[in-house]
Amino acid sequence: MKRVDDFRLRFGKQELVPIMIGGMGVDISTAELALEAARLGGIGHISDAMLPTVADRRYDTDFVKTKLTQYKYNLENSDKTAIKFDLGQVAESSRLHVQNTMDAKRGSGMVFINVMEKLTMNAPKETLKVRLDEALSAGIDGVTLAAGLHLGSFAMIENHPRFRDVKLGIIVSSLRALQLFIRKNARSNRLPDYIVVEGPLAGGHLGFGMDWAQYDLRTITQEVMDYLKAEKLDIPVIPAGGIFTGSDATSFLEMGASAVQVATRFTVAKECGLPRDVQQEYFKASESDIEVNGVSPTGYPMRMLKNSPAIGSGIRPGCESYGYILDANGKCSYIDAYNREVELHPDEKKIKVFDKTCLCTHMRNFKLWTCGHYTYKLKDTSRKLEDGSYQVLSAEHVFKDYQFSTDNKVALPE
Ligand SMILES: Cc1cc2nc3c(=O)[nH]c(=O)nc-3n(C[C@H](O)[C@H](O)[C@H](O)COP(=O)(O)O)c2cc1C
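Given the structure is predicted, the values throughout are model-derived calculations rather than measurements.

Visitor: Give me the overall build of the protein: which residues, what numbers.
Guide: When helices and strands are counted, the protein shows 13 helices and 15 strands. Since a compact globule built from 414 residues should have a radius of gyration of about 22 Å, the 21 Å found for the protein is in line with a globular shape. Counting only C-alpha atoms and orienting by the principal axes, one finds that the protein spans roughly 65 × 55 × 40 Å. Out of the 414 residues in the protein, the part that is buried amounts to 50%. Counted over contacts in the protein with a minimum sequence separation of 6, partners at least 24 positions apart contribute 73%.

Visitor: Quick rundown of the site of the ligand? Include the residues and the values.
Guide: The immediate surroundings of the ligand are formed by 30 residues, with G22, A146, G203, G204 and G372 found nearest. Looking at the shell around the ligand, the elements with two or more residues in it are strand 5 (110-116) and strand 11 (260-262).

Visitor: Now, about the sheet that holds strand 13 (residues 302-305): what can you tell me, with residues and values included?
Guide: Taken in spatial order, the three strands line up as 9-13-12 in an open sheet, and their pairing is antiparallel. If you trace the sheet from one side to the other, it starts and ends with strand 9 (204-205) and strand 12 (290-293), each paired once.

Visitor: Which residues make up the nonpolar core, and what are the values?
Guide: Counting residues in each nonpolar core, the largest one holds 124 residues, and the members touching the most others are I19, A34, V143, I195, V197, I238 and V260. Discounting residues that sit within four places of it in the chain, I195 has contacts with G169, I170, V172, L178, V224, I235, V237 and I238.

Visitor: Would you mind going over the pairing of strand 13 in detail, with residue names and values included?
Guide: Along strand 13, one buried face is formed by M302 and M304 and the opposite face, lined by R303 and L305, is buried too. Inspection of the sheet shows strand 9 paired to strand 13 by two bridges, in the antiparallel sense. Paired with G204 across the bridge in strand 13 is R303.

Visitor: Give a description of helix 10 (residues 276-284) that names residues and reports values.
Guide: Taken as a whole, helix 10 has its buried residues at V278, Q279, Y282 and F283. Buried residues along helix 10 cover an arc of 150 degrees about the axis, so they all sit on one side.

Visitor: Hey, could you go over the pairing of strand 7 (residues 167-172) for me, with residue numbers and the actual values?
Guide: The side chains of a regular strand alternate, first on one face of the sheet and then on the other. In terms of burial, strand 7 is a largely internal element, five of the six residues being buried. By the bridge criterion, four bridges tie strand 6 (residues 142-146) to strand 7 in an arrangement that is parallel. When the sheet's bridge partners are listed, V143 is paired in strand 7 with L168. Relative to strand 8 (residues 194-198), strand 7 runs parallel, the two sharing four bridges. Opposite I170, over in strand 8, you have I195 as the bridge partner.

Visitor: Outline unusual backbone geometry, supporting the account with residue identities and numerical values.
Guide: With an omega dihedral of 0 degrees, the bond running from G25 to V26 counts as a cis peptide bond. Residue N189 is not a glycine yet carries a positive backbone phi of 55 degrees. Note on placement: N189 falls in the loop between helix 7 (175-185) and strand 8. One non-glycine residue, N408, adopts positive backbone phi at about 60 degrees.

Visitor: Help me get a handle on the environment of V172, residues and values and all.
Guide: Tracing the sequence through the fold places V172 in strand 7. Under the C-beta neighbour-count criterion, V172 is labelled buried, with 25 such atoms within 10 Å. Ignoring any residue separated from it by four or fewer positions in sequence, one finds V172 in contact with A177, L178, F181, I195 and V197.

Visitor: Talk me through the packing of helix 1 (residues 31-39) against helix 13 (residues 395-404); I want residue IDs and the actual numbers.
Guide: Packed helices, taken two at a time, are described by the angle between their axes plus the distance between the axes. It is at 10 Å that the axes of helix 1 and helix 13 come closest, and there the two elements cross at 45 degrees. In terms of orientation, helix 1 lies oblique with respect to helix 13. Remark: the crossing between helix 1 and helix 13 carries right-handed chirality. On helix 13, the residues that touch L33, E36 and A37 of helix 1 are A395, E396 and F399. Residue composition of the contact of helix 1 with helix 13, by class: four nonpolar, no polar and two charged.

Visitor: Go over helix 7, please, and point to the residues and values.
Guide: Residues A177, L178, F181 and N185 constitute the buried set of helix 7. For helix 7, the angular spread of the buried residues around the axis is 100 degrees, confining them to a single face. Across from the buried face of helix 7, at angles greater than 90 degrees, the exposed residues are R176 and R183. Here the buried face of helix 7 lies against helix 6 (153-157), strand 7, strand 8 and helix 8 (217-230).

What counts and what doesn't
Residues numbered from 1 in each chain as written. Predicted model: local features only at pLDDT ≥ 70, side-chain atom pairs only at ≥ 80, totals over all residues. Helix = DSSP H or I, 4+ residues; strand = E, 2+ residues; numbered from the N terminus. Rg over C-alpha atoms; globule rule 2.2 N^0.38 Å. Buried ≥ 20, exposed ≤ 12 C-beta atoms within 10 Å, placed from the backbone. Contact = placed C-beta atoms within 7 Å. Near = placed C-beta within 6 Å. Pairing = 2+ DSSP bridges. Core = buried A, V, L, I, M, F, W, Y, C linked by C-beta atoms within 7 Å. Arc of directions from axis to C-beta. Axes fitted to C-alpha atoms, helices over the stretch in contact; angles between N-to-C directions. Parallel < 35°, antiparallel > 145°, perpendicular 65-115°, else oblique. Left-handed = near helix turned anticlockwise from the far one by under 90°. Nonpolar A, V, L, I, M, F, W, Y, C, P; charged D, E, K, R; others polar.

Written as structure tokens, this is what we have:
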């Protein structure tokens, strides 16, 4: 019987264990988690979401304070269009995080960065270009383009000296999105080095509508592989979303996938950025505690635990400090939802907003508990301790379970 370790992901001459830990913002897929994947011969992702605040926490910078000081005058203003990022500071935070991570890398695997187009930061093109350029300059092994179609992203970095040697991949949820990406980026005379096909059971934002349940990862993966074969394009395909056991992963590798991208199993690893008490919420969750809803102001549906403190929270929009979702016109749908509730309840001290959430503030504070569909199975991957809590796992344990397990079994920790 085959297992994941019988397969290898090949990039030219380089061979990797075909397990990629997906990017999880904001600093849920930490450098420590990504570095473990690389040490074990696979691929780990750091995330480039909200790096100025991540840098403040990790490297003792004060980017958020500086921005807040500059825009403090606007705190009571319902119009946030004036708030802009300092591109120099965005660049410095990317450089710090990527360089520090890459300096610590050991082993034969790779560390990639997940870069989301939907982080529009009130200047979508300029801020995305800075983030991509800096990641390349600071030595990242690869960039996974996420949360968006990225139709202009290759062109943005085609003059970077590393453009043709860094690994570049795209996340798609349909063949159509892939075809569009390839067509629009053809001008750069460069194909992606890998394609992540993310199905409807993934964590984070979904590339589907609220009819996500009608789609199936295996079908989309097959469509993408058939298309690539017909076009004689030899690009590794990496399915993601709901691949929970080594046997699940093996079945995708047997159908011709080159690797798998997984995330949810690692949310309860000690190297993961989620606070310990939040990890216990993930362990405890049952199937009915998980929903896909429309509270994210990005417009994409998002899967999360129903008891996430972010849901219904009516905090003041945090754009003066953060502002990552502000679109090219300085708008975010949470601001509108919040302003509407303030107007409807002028005497209320504590506003409640249910249709949208302040994604920046709540992701930064680990109050929006996004998760994959199979989060309710996490309790079966650990042991319950005497105090009733679940044992946090090591990333190595989870990684090796994917790599070596068979028969749909999950190895419990020592
Ligand atoms: C907590 C969490 C946060 C995530 N954040 C992101 C993100 O910031 N960007 C992204 O492209 N995907 C994100 N994802 C999706 C994962 O990278 C991955 O593709 C997917 O969750 C794999 O499915 P699985 O969790 O069922 O293994 C996130 C997933 C989880 C569980």
